[in-house]
Amino acid sequence: MAVFDHLATILDQRKSSNDCAFNGYLEDYLSIKEDFQYVDLFQALLKINTEFRICVDLGFNMNKEVISNQIIRYKDAGKLTDKAMRCPFIVYIKFEDQQKAIIFGEDGQYLLAKGYYYSLTEQYGLLEDSRNEIIAMSMDNLNLIIEKVTKFLDPNSRAGAIQREIDSYYFKDIHELVDSAYAIASEMRDQAKVELLGMSDRTDYINKKITDWYLLKKVVYVSYMMNKEVLIKECENEIKKQRYNAKINSDKIPFMALSEMWRLKAEVEQEEVNEEIEAEYKP
């Protein structure tokens, strides 16, 4: 099924569905949002074409049957509740005989956007049959978005070629991509160790962190495996060696375990109690 036909059938919360938060015309979505941080971006898209629709917070799961997910072996991603993973925004459109969509990752994280793309278009994925009609973009560069989306809507454009252009804007090679993923994951882990301490209800926060770490691991693995230059120049045209290196790179992405994030506050509180007891009985 083509991407517009597929996305247009997804029900949102207005229809008492947990599949997504909103699914309808982009113009309608902006009319109900106040103080929305991406209003300028989406208004710019409406200037390109007023018929854009948007699917917000589309829920999905890690598919344990997919070989790449089995190799990544990030078990915590499989422990989340149904559709706890959420893709922030998919803007899509149908015109003439064309159907196209843009996956946007929130917070200006291009690698997360690519992670959503790989997850939704992988084997058995929700949009598996539509992967050649979709590109992924970060929300941190309005000019780049306008340029690439305009080009993407050209009937003669190819999603893969445009995606490679976007890749080259952010990374000079696969190793820079891997280094960036590692840095992002490390920063997320450091933030979680601080931010979790002040949270009483941490379910959504933990779900988001696990999703992001999973997406980074997936992007690193799949991007390395899809790189033909790496296969030839670094892996001596041996697919087993490329798969091994891809797994090693994915394994290096740091994260906090699900159980560790739930225990963190309790452990800190116990340390504070122990310190108080020691202080009380200190001679």
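The following refers to the structure shown. Remember, it's a predicted structure, so these values are computed and weren't measured experimentally.

## Topic: the state of the cysteines
Working definition: the covalent bond between the sulfur atoms of two cysteines is a disulfide. Inspection of every chain in the model, using the stated rule, returns zero disulfides. A disulfide-free cysteine, C55 has its sulfur positioned 3.9 Å from the sulfur of C20, the nearest such atom. Take C55: its relative accessible area is 0%, and that puts it in the buried class.

## A few points about the environment of Y124
Looking at the secondary structure, you find Y124 in the loop between α5 (110-121) and β5 (134-138). Spatially, the C-alpha atom of Y124 lies 7.8 Å from that of V66, the residues being 58 residues apart in sequence.

## A word on the side chain of K100
Structurally, the position occupied by K100 is in strand β4 (residues 98-105). Buried within the structure, K100 lacks any salt-bridge partner; D154 is the closest side chain of opposite charge, at an N-O distance of 6.5 Å. At 2.4 Å, the side chain of K100 and the backbone oxygen of F152 are in polar contact. Only 3.0 Å separates the side chain of K100 from the backbone oxygen of D154, close enough to count as a polar contact. When neighbours within four sequence positions are excluded, K100 is seen to be in contact with V3, V91, Y92, I93, E133, F152, L153, D154, P155 and S157.

## Remarks on the side chain of S223
Positionally, S223 belongs in helix α9 (residues 203-226). Taking relative accessible area as the criterion, S223 reaches 8% and is therefore assigned buried. Apart from the residues within four sequence positions on either side, S223 is in contact with K114, Y118, I174, L177 and K218.

## With respect to the packing of aromatic side chains
Here the distance between the centres and the angle between the planes together describe a pair of aromatic rings. On inspection of all chains with the given rule, the structure shows 16 aromatic pairs. Where F60 meets Y116, the ring centres are 6.2 Å apart and the plane angle is 85 degrees; that geometry is what we call edge-to-face. Taken together, the positions of F60 in strand β2 (residues 53-60) and Y116 in helix α5 put the pair 56 residues apart, joining distant regions of the chain. Grouping residues by exposure puts F60 and Y116 together as buried. In this structure an aromatic cluster arises from ring pairing among F22, Y29, F36, Y38, F42, F89 and F104. Over the ring of Y25 we find R53; its NZ or CZ atom is 4.5 Å from the centre of that ring. Above the plane of the ring of F152 lies K100, whose end atom (NZ or CZ) is 4.8 Å from the centre.

Criteria and thresholds
- Residues numbered from 1 in each chain as written.
- Predicted model: local features only at pLDDT ≥ 70, side-chain atom pairs only at ≥ 80, totals over all residues.
- Heavy atoms only, no water.
- Disulfide = S-S within 2.5 Å.
- Buried < 20%, exposed > 50% of the residue type's maximum accessible area, 1.4 Å probe, protein only.
- Helix = DSSP H or I, 4+ residues; strand = E, 2+ residues; numbered from the N terminus.
- Lys, Arg positive; Asp, Glu negative; His and termini not counted.
- Salt bridge = Lys/Arg side-chain N within 4 Å of Asp/Glu carboxyl O.
- Polar contact = N/O pair within 3.5 Å; in protein donor to acceptor, adjacent residues only side chain to side chain.
- Contact = heavy atoms within 4.5 Å.
- Phe/Tyr/Trp six-rings, centres within 6.5 Å; stacked < 30°, edge-to-face > 60°.
- Lys NZ or Arg CZ within 6 Å of the ring centre and 35° of its normal.

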